[in-house]
Amino acid sequence: MSTIEMPLVLFSVLSQTAIGLVVINSCRQWAADGPAKTDRGQWGIVLAFLITGMAASFFHLGHPLQAYTALKHLGKAWLSWELLGISVFLCLTLLGFFMVKGKNARLVTTLTALVGVLTLLFMGMTYAPPGYPAVNNVLPLVFFLITALLLGTGFSAWVAPSAAKPWLTRILTVTLIVGVIVYLIVPCIWLSGGTSMAQTGWTWFASPLYWGRVAVGLVLPLAVLWRIKDIPLWLPVLILLGELMGRAAFFRDTVHAAANIGGLQ
Amino acid sequence: MNNHKEENFMTTTNNAAEVQPGSCPLSRRNFVKGLLAAGLVANLPCGLLRPLQSEAGEIVYGGDYETFRNACPRNCYDTCSIKTFVKDGVVQFIEGATESTFTRGGLCVKGYGYTRRPYSPDRIKYPMVQEGRGSGNWKRVSWNEAMERIAKKILEIQDKDGSLLGMALSKYSGNFGITNYGVEGMMSSLGYTTRLTGTPCWPAGIDAQNFDMGDMWCNDPEDMVNARYVILWGGNAAWNSVHSVKYVYEAQRRGAKIVVIDPLLTQQAAKADEYWQIRTSTDGALALGMARHILDAKLYDRDWVMANSIGFEEFADYLRGNITVEWAAKESGIPAANIIALAEEFATAKPATIWLGYGLQRHVNGGATVRAIDALVAMTGNVGKIGGGARYGHLRTWGFNYHALLQKQPEGAKGVPGKAEVKGDFHFAGGDDAAALSYSDRSLNINKTAQVILDTDDPPIRMLWVACKNPFSQDFDRNKMIKAFEKLEMVVTVDQFFNETVAMSDIVLPVTTLFEEWTINASYWHYWLSINERAIQPMYEAKSDIQIAATLSNTMNELRPGSCTFPTEIDSREWMIKEFNQGIYDLFGISSWEDLKNGPAKAKMHPASWHDLKFGTPSGKYEFKSELAEQWGNKALPEYVAPRKQNNKYRLLTPHTKFGLHSQFVNLDWSEEFYPEPFVYIHPDMAAEKDIKDGDVVRIFNSIGEVTTTAKLSTVVPADAILMYEAWFKNNPYNVQNVVDDTSSDMGAYKTGQPGVAIHDQFADVAKV
Amino acid sequence: MKKQYAFFIDAERCIGCFTCAMACKNQYHQPEKVIWRQVYPLDEEIYPYTERAFYSLACNHCENPTCLNVCPVKAYYKREDGVVVHEQEKCIGCGNCIRSCPYGAPRYNPEVKKAEKCSFCWQRIDAGLKPQCVQSCPVEALQIVDLATFDKPGAVQYPPGFPKYPKLNPSVRFVLPRLPKIIGREDI
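In short, a report on the structure. (Residues numbered from 1 in each chain as written. Chains lettered and ligands numbered in written order. Predicted model: local features only at pLDDT ≥ 70, side-chain atom pairs only at ≥ 80, totals over all residues.)

### Re the overall build of chain A
Phase 1 of the analysis: Broken down by element type, chain A carries 9 helices and 0 strands.
Phase 2 of the analysis: Of the regular secondary structure in chain A, the N- to C-terminal order runs α-α-α-α-α-α-α-α-α.
Phase 3 of the analysis: The principal-axis extents of the C-alpha atoms in chain A amount to approximately 60 × 50 × 25 Å.
Phase 4 of the analysis: Burial statistics for chain A: of 265 residues in total, 48% are counted as buried.
Phase 5 of the analysis: If you take every contact in chain A between residues at least 6 apart in sequence, the share linking residues at least 24 apart comes to 77%. (Helix = DSSP H or I, 4+ residues; strand = E, 2+ residues; numbered from the N terminus. Buried ≥ 20, exposed ≤ 12 C-beta atoms within 10 Å, placed from the backbone. Contact = placed C-beta atoms within 7 Å.)

Shown next as structure tokens:
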């Protein structure tokens, strides 16, 4: 069993929430009726999640004051791109926050959203190293997209105009259903893989964190949405709790390839 | 590998003066910084932060290390020659000496732990006294106070009993440095004392080899490469003599067949061409069965036997009248067809050799077993041949002066009346001193330490000095030992760590590690000699055994002049030098002990023992029939002796672990990384019967006591045996001596003074907790 | 082929004595749990007797090392002779290499809060000496070879029990352990 890596849990979930918020925001602006009604509040919540997440990430480093040197390896390292991406995303978010009344607001939102999606891709690559066979593939990206959409939609409900609520509810419901399917199927598929992959499947299935994330973060919210057909204020908090548990399981319960050296792979 | 580069940058200094204790333990950052400072920085152009190619010799070995020669003084076949690299008065790292073809540049998992050992945070630093044995209530005292307490007790015993027979010594193989015999010397210098003599290690086999050939004398292990057939019988070289394995491999590469005969599928067994899983303690039967077939098939070397032995006809008659291959098969569990095939292979391979392990003879019939196997080697004409021989051990390279050992009793000392020869496997003292003729030390069986402490009277054993030994971890029947210690009025232990015996002592004295003392080391297996230099100042207040003796003598003579003849001030280096003599110089082809500072030296001995076929027996020949054996209570011929009767459900085997040497090493934090906890190994069939799963906590128990530990299922152990490795884990009560009793083996008294002990003739049951 | 130093692990000769593991610790004094070289026993599924066959593994100095690839501060570089060096001064302790290497070579050193791994004793190599682990092996089961010229018959790169990552192309070669002919007891 690895460690929970709490700083990384917080960083990834919260920054992905921020990205999701901007993406949903941008989609809403394009899809919704007429010119966008964006206010500082919507950027503010993005900044809140983003800055909290980035602050948490410093606690992960042995030498946080040298964090800026992590931009050095754009030639090969996805982690450098992740840092670049999240930094540019931060700059654009700040830009958006200050330019919210300007006429290029929608453009900035879109650009920020695109950078955010790219950053999601960089994160997906970063957290899919060869050392963890079960997730050395597109799965982290899939998990992160789901995180971004779930929490982006959920927390958008806090700040979006009420006219957007039904639209948000629909997206959230669909994403929850996709999430339930993905999170139930994936460990099952792992069970038929090699030793480290199969062990990951069994560890996830035996993990209260995993079942917590499914129950609290996916099934329960689905049930609520099915009943109420709206996003109550406390719902995204529940989903966030589920996401945090799920991310903790992702770090703690995914089995490293080196754990099985000496046994059949 | 280019050693010359190394030498150019080395300086060797002698630390002659005994000064203040050493400096802070090494931290790795400093070490790495040192490496970097030594060479990297000089190489780097600004802005380019790494060296692509460093100049040879500039880094790591650049000039700053002092090198010293050391040797591992443990009870191990390999007795490695060590090269020690010191900087800033701290041991930075060590390597095996490359000059020794036996050590060949590498040590073992235990030896490399020496780099940590002097600096281990739990090392005993000062003399300490314990208020209440076993309480852990330790208080630091000065050397003066410790010595006063001890001296006063010694004088009290002297006054009460009129002799020092109430003071006993428990010492064996924790440190085989030649100057460490100064402990025995110290005891002699105090008076006539009680000595726990004999050896738990190899006594039955020593007697057997003495009865057969007149001495224990093995070939140079490096000549094993010349064998065409090698049987490793009851010994696990891969764990207990790792440096010998390369010779077995080389013999194998040259076409020799390697056979391992052992009740367990040991690591050595896994590397054999053929492994025989024999029923424990039936090795004598198997050997005799082989001998019978070799006799019938007329494959024995008749010429050799006629020219060099006596008693073969009687042996042949015995075989014909009492031994059959089928019987041997039934006794040993080995199929008759295999016995026949191997006997023929062994007899026709020239030369063939058998390496008799020490576990082989730790049985009630151990001596008889060794005699039977010796007979196999002799009747096939393999004794006295390069690549041949019945290999067991030797002491041919141990002819030192024993200056530290040979001290005189004080004037007027009394002991056991009459001259008794104190014998032991490593007792080299001649000592035909007229003054010593009227009294002698009292010799008691070291293998029954607990029992003799309980039983001995007139006078009873009041005080125990423990050095180079750990009775609670190494001696048998631990529960009895606890009772025995209750009788002791004072226990003084000299050691480096708070092990089980220290925990049950009144006073502990901190002793030096190999890096902190001067001594000499020979091997009982290979033919090399090493010097052991003081590489660092003794840490904290540690003293070597002879320094402790001198310190005690000082206090003794202050309290009562003349009560101890040990010199009160000694120069350790001088005492090391005093052990050398011309015989040693000639044997090793060196002009002075200083030659050894350049590396170990090898004895100029013929590689084959008994090459001149002049045996040390009364007849001067190999004695299949030995009257001497008969005089000592055994059969004259190597007849079969039955194994010990089983007194519990399963046989219990407690051999050594590769990670430790008895109670040394496994307790170090470096060792804990790789070997953190003990297990008991049982066969899956036995486990199934008892509903035990891998990882369950179980107890192993018999009439002596019990052990609780975690079970591992394994097929290396037969289904009717339980396997636990003997070791001391820090902060762990695991101790196999809880279930091992002190039953004697059949031989040992002749040459080593006491019978041996049947360590592997133990039985127990196991149950889930 | 370009020069590539590699470890050759002769599991047939290896007696699992852990000398190599402790020799490394003796040279570099790593703190607890920061193990550069580990000796892995083979499962019963691979070698049917427990703790009787082993692979001694450290860093495999891969041809395409993932540690080097994923390190955001370029703290790793690969030498001309193939050795992959970690420059600890540059490391910020992000743990990416530790998570990335499927062989578990880099470890986190909590005292300096940085990663570190087997250096192939490159300073010793440059001084004309063998790595400490290689020199220490009593049976020459662990050797340093150059893959450009290595041609031991029967050697493999991915024996059972060793993770297969052709994209990384670890610079190690193995000879598999063998079983003796076993004569068991007839009475049990």
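### Concerning the overall build of chain C
Phase 1 of the analysis: Within chain C, the regular secondary structure consists of 5 helices and 10 strands.
Phase 2 of the analysis: Its C-alpha atoms give chain C a radius of gyration of 17 Å, near enough to 16 Å, the size a compact globule of 188 residues would have.
Phase 3 of the analysis: Its C-alpha atoms put chain C at 65 × 40 × 30 Å along the principal axes.
Phase 4 of the analysis: Taken over 188 residues, chain C has a buried fraction of 60%.
Phase 5 of the analysis: Contacts in chain C between residues at least 24 apart in sequence constitute 60% of all its contacts with a sequence separation of at least 6. (Rg over C-alpha atoms; globule rule 2.2 N^0.38 Å.)

### Focus on the interface of chain B and chain C
Phase 1 of the analysis: In this assembly, 62 residues from chain B lie in contact with 49 residues from chain C.
Phase 2 of the analysis: Of all the secondary-structure elements, those providing two or more residues to the side of chain B that touches chain C are α2 (28-43), β3 (90-96), α7 (245-253), α8 (267-270), β10 (274-277) and α23 (669-674) of chain B.
Phase 3 of the analysis: Here the residues of the side of chain B that touches chain C sort into 33 nonpolar, 15 polar and 14 charged.
Phase 4 of the analysis: Here β10 of chain B pairs with strand β10 (residues 181-183) of chain C via 3 bridges, running parallel. Across the sheet, residue Y275 of chain B finds its bridge partner in β10 of chain C, namely I182 of chain C. (Nonpolar A, V, L, I, M, F, W, Y, C, P; charged D, E, K, R; others polar. Pairing = 2+ DSSP bridges.)

### Brief notes about helix α8 (residues 208-228) of chain A
Note: α-helices contain 3.6 residues per turn, so residues at a spacing of three or four share the same orientation.
Residue and element names in this part refer to chain A.
Phase 1 of the analysis: Taking 1.5 Å of rise per residue, the 21 residues of α8 would be expected to cover 30 Å, and the 28 Å separating its terminal C-alpha atoms lies within 8% of that figure.
Phase 2 of the analysis: A bend of about 30° at V219 is the largest found in α8, and the proline P221 appears one to four places after it.
Phase 3 of the analysis: Listed in full, the buried residues belonging to α8 are L209, Y210, R213, V214, G217, L218 and P221.
Phase 4 of the analysis: Among the structural elements, α6 (165-190), α7 (195-205) and α9 (235-252) are those in contact with the buried residues of α8.
Phase 5 of the analysis: K229, located one to two residues past α8, shows a positive phi value of around 60°. (Expected span 1.5 Å × (residues − 1). Bend = angle between axes of the 7 residues up to and from the residue.)

### As for the packing of helix α5 (residues 203-213) of chain B against helix α14 (residues 366-379) of chain B
Residue and element names in this part refer to chain B.
Phase 1 of the analysis: Two elements in contact, α5 and α14, have axes separated by 8 Å at closest approach and are oriented at 40°. When the interaxial angle is binned, α5 and α14 end up oblique. You can see that α5 and α14 cross each other, and the crossing is right-handed. For the pair α5 and α14, the contacting residues are A204, G205, D207, A208, Q209, F211 and D212 in the first and G366, G367, V370, R371 and D374 in the second.
Phase 2 of the analysis: Residues that form the contact of α5 with α14 fall into these classes: 4 nonpolar, 4 polar and 4 charged. (Axes fitted to C-alpha atoms, helices over the stretch in contact; angles between N-to-C directions. Parallel < 35°, antiparallel > 145°, perpendicular 65-115°, else oblique. Left-handed = near helix turned anticlockwise from the far one by under 90°.)

### Observations concerning the interface of chain C and chain A
Phase 1 of the analysis: At the interface, 34 residues of chain C touch 28 residues of chain A.
Phase 2 of the analysis: Among the secondary structure elements, those contributing two or more residues to the side of chain C that touches chain A are β2 (38-41), β3 (54-57), α2 (66-70) and α3 (96-100) of chain C.
Phase 3 of the analysis: Of the residues that constitute the side of chain C that touches chain A, the class distribution is 20 nonpolar, 7 polar and 7 charged.

### Section: helix α17 (residues 478-487) of chain B
Residue and element names in this part refer to chain B.
Phase 1 of the analysis: Taken as a whole, α17 has its buried residues at R478, K480, M481, A484 and F485. For α17, the arc enclosing every buried residue in end-on projection is 145°, short of the 170-degree limit, so these residues lie on one face.
Phase 2 of the analysis: Looking at the buried positions of α17, the neighbouring elements they touch are α15 (449-455), α16 (471-474) and β18 (490-495). (Arc of directions from axis to C-beta.)

### Let's talk about the sheet that holds strand β9 (residues 257-262) of chain B
Phase 1 of the analysis: The strand order across the open sheet built from 6 strands is β13(B)-β12(B)-β8(B)-β9(B)-β10(B)-β10(C), with neighbouring strands paired in parallel fashion. The open sheet has two edge strands, β13 (389-391) of chain B together with β10 of chain C, and neither has a second partner. The mean inter-strand angle of the sheet, taken between neighbouring strand axes irrespective of direction, is 15°.
Phase 2 of the analysis: Where β9 of chain B and β10 of chain B come together, 4 bridges link them in parallel fashion.

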